[in-house]
Amino acid sequence: MLVKLNCFRETFMSNLEMCEIQKKHYEVWIELYHKYAEYYQVDIPKDNFDLTWKWLTSENYPFWGILADLDSKIVGFAHFRSLPSPLDSCEVGFLDDLFVLQEYRGKKIGYSLIEKVHQIGKSKNWPYINWITKDDNYTARTCLLYTTDAADDGLGVDLGGRRKIKKNEEGGGGGGG
């Protein structure tokens, strides 16, 4: 079931909006996705970009994307999907990709993207959302929304950067994009 995301105004910045990736966003998305691939130092064939775009814009594929729009400029994105968890006997979320343009980092935009994915996950009854990030991505790894090590909470095992996103009700922690 595809959950349609409507644009909403985020509380961290009155001029930050999140909206569902739509076909009209292709040009800005592809530019951001190329920069994301550069950040991870991955050469991606054009066919792979095309396939990812097809998944993101298909109503029949369980892969979604949201964009961060700051002052009418798209500055980041998140791609996520549903994933079966055999040990938990349920569907959980998986955040595949999270990216914010370098010049917009430190403004809680990454945090806002993760928070929106978390909200969507709650609506899908995901008990948690997994995410794998670079070991040297310290800002993302200390984000307020997920444990810094999946093993810390006794719910899982760290698999080389794997993180479980969950709401930290105390609100402590570090930055996060």
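Residues numbered from 1 in each chain as written. Predicted model: local features only at pLDDT ≥ 70, side-chain atom pairs only at ≥ 80, totals over all residues. Heavy atoms only, no water.

*Asks:* Quick question: what am I supposed to make of helix α3 (residues 109–123) here?
*Replies:* Along an α-helix, residues three or four positions apart point the same way, because every turn accommodates 3.6 residues. The first and last C-alpha atoms of α3 sit 21 Å apart over 15 residues, in line with the 21 Å expected at 1.5 Å per residue. The buried count for α3 comes to 12 of 15 residues, which makes it a mostly enclosed element. Residues of α3 that are buried: I109, G110, Y111, S112, L113, I114, E115, K116, V117, H118, I120 and G121. (Helix = DSSP H or I, 4+ residues; strand = E, 2+ residues; numbered from the N terminus. Expected span 1.5 Å × (residues − 1). Buried < 20%, exposed > 50% of the residue type's maximum accessible area, 1.4 Å probe, protein only.)

*Asks:* For this particular structure, what's the right way to read the nonpolar core?
*Replies:* Nonpolar side chains tend to gather and get buried jointly when the protein is soluble and globular. Of all hydrophobic cores here, the largest spans 37 residues; its most connected members are F80, L95, I109 and L113. Listed by contribution, the elements that provide at least two residues to this core are β2 (16–20), α1 (26–39), α2 (46–57), β3 (63–70), β4 (73–85), β5 (90–100), α3 and β6 (129–132). Here the element with the most residues in this core is β3; it accounts for 6 residues. Setting aside anything within four residues of it in sequence, one finds L113 in contact with M18, I66, L67, A68, G76, F77, A78, L98, F99 and V100. (Core = buried A, V, L, I, M, F, W, Y, C linked by side-chain atoms within 4.5 Å. Contact = heavy atoms within 4.5 Å.)

*Asks:* Explain the side chain of H79 here, please?
*Replies:* By the secondary structure assignment, H79 is in strand β4. One polar contact links H79 to W29, side chain to side chain, over a distance of 2.9 Å. Setting aside residues up to four positions removed in sequence, H79 forms contacts with I21, W29, Y33, L56, F63, W64, G65, F94, L95, D96 and D97. (Polar contact = N/O pair within 3.5 Å; in protein donor to acceptor, adjacent residues only side chain to side chain.)

*Asks:* Quick question: what am I supposed to make of the pattern of salt bridges here?
*Replies:* It is possible for side chains bearing opposite charge to pair when their charged atoms get close. All chains considered together, the criterion is met by 3 salt bridges. With a closest N to O distance of 3.8 Å, K35 and E31 form a salt bridge. Of the two residues, K35 and E31 both sit in helix α1, 4 residues apart, roughly one turn of that helix. We classify K35 as partly exposed; its relative accessible area is 34%. Linking K46 and D50 is a salt bridge whose minimum nitrogen-to-oxygen distance equals 2.9 Å. (Salt bridge = Lys/Arg side-chain N within 4 Å of Asp/Glu carboxyl O.)

*Asks:* What am I meant to see in α1 here?
*Replies:* Across its 14 residues, α1 extends 20 Å between first and last C-alpha, which sits within 8% of the 20 Å expected from 1.5 Å per residue. Here α1 has its buried residues at W29, I30, L32, Y33, Y36 and A37. Looking down the long axis of α1, one finds its buried residues gathered within 165° of arc, a one-sided arrangement. Residues of α1 that are exposed and point over 90 degrees away from its buried face: E27 and E38. Buried residues belonging to α1 abut α2, β4 and β5. Positive phi appears at Q41, one or two residues downstream of α1, with a value of about 55°. (Arc of directions from axis to C-beta.)

Any functional reading would require information beyond the geometric quantities listed.
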